[in-house]
Amino acid sequence: MENTDYNKLKDTFVGKVREMRRMQKDYFRTGSANILAACKETERDVDRLLKELDSMEDKLRHPELF
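Residues numbered from 1 in each chain as written. Predicted model: local features only at pLDDT ≥ 70, side-chain atom pairs only at ≥ 80, totals over all residues. Heavy atoms only, no water.

Here we take up the nonpolar core. Core analysis: the biggest nonpolar cluster contains 8 residues, these being Y6, L9, F13, M20, V46, L49, L53 and M56. Elements with a contribution of two residues or more to this core: helix 1 (3–30) and helix 2 (33–61). Among all residues touching Y6, those that are not within four sequence positions of it are L53, M56, E57 and L60. (Core = buried A, V, L, I, M, F, W, Y, C linked by side-chain atoms within 4.5 Å. Buried < 20%, exposed > 50% of the residue type's maximum accessible area, 1.4 Å probe, protein only. Helix = DSSP H or I, 4+ residues; strand = E, 2+ residues; numbered from the N terminus. Contact = heavy atoms within 4.5 Å.)

The terminal C-alpha atoms of helix 2 lie 42 Å apart, and with 29 residues this matches the ideal 42 Å at 1.5 Å per residue to within 8%. Taken together, the buried positions of helix 2 are C39, T42, D45, V46, L49, L53 and M56. The elements touched by buried residues of helix 2 are helix 1. With a side-chain oxygen positioned 3.3 Å from the backbone nitrogen of N34, the residue opening helix 2 is S32. (Expected span 1.5 Å × (residues − 1). Polar contact = N/O pair within 3.5 Å; in protein donor to acceptor, adjacent residues only side chain to side chain.)

Set out below in structure tokens:
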């Protein structure tokens with residue numbers, strides 16, 4: 001695995017977190033059920049990306065020899 005893959009995933013993660021925060025602010029401003037559902041979906045995406053980042057970081061720290 002290359003650092004470029006990690007950096008791309010990190011950029012995707014940061015963008016998704018920004019999107020999540022914007023949606024959360026919209027939800028608290030409006031109380032819209034539709035926005036809440038979208039927030040929850042985005043939060044699941046953020047959680048998934050975070051797991052992927054953790055996995056990649058572990059592989060970068062402990063590369064396989066063969």
